[in-house]
Amino acid sequence: MSTPGEHVFDVVSSTDVHVGRILALRVDEVRMPGGGTAKREVVEHLPAVAVVALDDDGQVVLIHQYRHPVGARLWELPAGLVDHEGEEPLAAAERELVEEVGLAAEHWSVLVDVAASPGFTDEEVRVFLATGLSEVTRQEMGEEEADLTTRRVPLPEAVRMALAGEITNAAAVAGVLAAAAVDSGVAAPRVPDAPWPGRSTAFGRR
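The following refers to the structure shown. This is a predicted model, so every value here is computed, not measured. (Residues numbered from 1 in each chain as written. Predicted model: local features only at pLDDT ≥ 70, side-chain atom pairs only at ≥ 80, totals over all residues. Heavy atoms only, no water.)

1. Description of the sheet that holds strand S3 (residues 37-45)
Paired through backbone hydrogen bonds, the strands of a sheet run either parallel or antiparallel to each other. Here three strands make up an open sheet; going across it, the order is S1-S2-S3 and the pairing antiparallel. In this open sheet, the two strands that pair with only one neighbour each are strand S1 (11-19) and S3. Shown here is a sheet whose adjacent strand axes are inclined to one another by a mean of 20°, direction ignored. Across nine bridges, the pairing between strand S2 (residues 23-31) and S3 is antiparallel. Bridging from a neighbouring strand, Arg26 pairs with Val42 of S3. (Pairing = 2+ DSSP bridges. Helix = DSSP H or I, 4+ residues; strand = E, 2+ residues; numbered from the N terminus. Axes fitted to C-alpha atoms, helices over the stretch in contact; angles between N-to-C directions.)

If you want it as structure tokens, here you go:
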């Protein structure tokens with residue numbers, strides 16, 4: 001039996017259950033520390049980006065958008081999938097900021113990388129900080145996004161909303177709290193093209 005923390009969880013077998021446009025579901029049989037195996041359901045997902053767009057008045061741009069899996073409208077950050085072939089995460093973030101809220105930014109940096117729900121999916125979200133905002137023409141939206149509304153709130157208010165459970169989207173909570181830490185001088189952001197070792201890649205390799 002291996003020492004705790006050193007076991008290698010080898011995949012004995014893997015079976016595809018569903019392969020869709022942005023995700024796939026597979027079932028892996030994984031070698032357990034005790035010598036047996038266990039089945040693990042894994043959702044492969046495209047990587048995603050989100051943007052804490054902070055204006056010169058210290059306000060964060062939030063969107064209010066319907067999310068069908070939870071059956072509710074959530075306060076979130078402008079965000080989207082890295083789903084254009086060959087697209088870099090920063091370019092995806094720039095595109096989403098234009099598409100969803102009609103903004104461009106002069107300065108970009110990386111705040112946090114968030115494993116969305118590692119118990120069942122490999123999806124990871126990179127959250128950027130964007131400053132030096134300017135308005136640009138917002139592109140035509142899809143049917144679901146056309147219903148979203150936007151709101152600017154002071155960064156401390158966004159932090160309060162996150163801690164009060166009014167913002168529950170994982171990337172939004174992490175991004176807002178990280179932006180507050182950077183704003184207060186507790187931490188420094190990373191360069192916009194910082195390495196992203198946890199970026200989800202399995203679905204993209206299909």
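2. Here we look at the side chain of Arg26
Tracing the sequence through the fold places Arg26 in strand S2. Judged by its relative accessible area of 19%, Arg26 is buried. At a separation of 2.9 Å, a polar atom in the side chain of Arg26 contacts the side chain of Asp28. (Buried < 20%, exposed > 50% of the residue type's maximum accessible area, 1.4 Å probe, protein only. Polar contact = N/O pair within 3.5 Å; in protein donor to acceptor, adjacent residues only side chain to side chain.)

3. Observations concerning the environment of Ala179
Here Ala179 is to be found in helix H3 (residues 170-184). Sequence separation between Ala179 and Ala104 is 75 residues; the distance between their C-alpha atoms is 18 Å. Not counting residues up to four positions away in its chain, the partners in contact with Ala179 are Val52, Leu111 and Leu155. (Contact = heavy atoms within 4.5 Å.)

4. Digging into the pattern of salt bridges
One pass over the full model with this rule turns up 15 salt bridges. Note that Glu96 is salt-bridged to Arg95, the shortest N-O span being 3.0 Å. Under the relative-accessibility criterion, Glu96 is labelled buried at 8%. The class of Arg95 is buried, set by a relative accessible area of 14%. Notably, a salt bridge pairs Arg126 with Asp113, separated by 2.8 Å at the nearest N-O pair. Taken together, the residues span a long stretch of sequence, with Arg126 in strand S9 (residues 124-135) and Asp113 in strand S8 (residues 103-115) at a distance of 13 residues. (Salt bridge = Lys/Arg side-chain N within 4 Å of Asp/Glu carboxyl O.)

5. Some points on the environment of Arg31
Looking at where Arg31 falls in the secondary structure, it is placed in strand S2. Sequence spacing of Arg31 and Phe9 is 22 residues, and the spatial spacing of their C-alpha atoms is 5.3 Å. What Arg31 contacts, discounting residues up to four positions off in sequence, is His7, Val8, Phe9, Asp10, Val12, Gly36 and Thr37.

6. Quick word on the pairing of strand S4 (residues 48-53)
Burial within S4 is extensive, with six of its six residues counted as buried. Both faces of S4 are covered, namely the face carrying Ala48, Ala50 and Val52 and the face carrying Val49, Val51 and Ala53. Relative to strand S7 (residues 79-81), S4 runs antiparallel, the two sharing three bridges. Paired with Val49 across the two strands is Gly80, which belongs to S7. Relative to S9, S4 runs parallel, the two sharing six bridges. Counterpart to Ala53 in the pairing with S9 is Ala130.

7. Observations concerning the sheet that holds S9
The strand order across the open sheet formed by four strands is S7-S4-S9-S8, and the pairing between neighbours is mixed. Each having just a single partner strand, S7 and S8 make up the two edges of the open sheet. Direction aside, neighbouring strands of the sheet carry axes that sit 25° apart on average. One ladder, built from 11 bridges, connects S8 with S9; its direction is antiparallel. The residue bridging Ala115 from the neighbouring strand is Glu124, located in S9. On the sheet, helix H1 (residues 89-101) packs against S4, S7, S8 and S9 and is oriented at approximately 115° with respect to S8.

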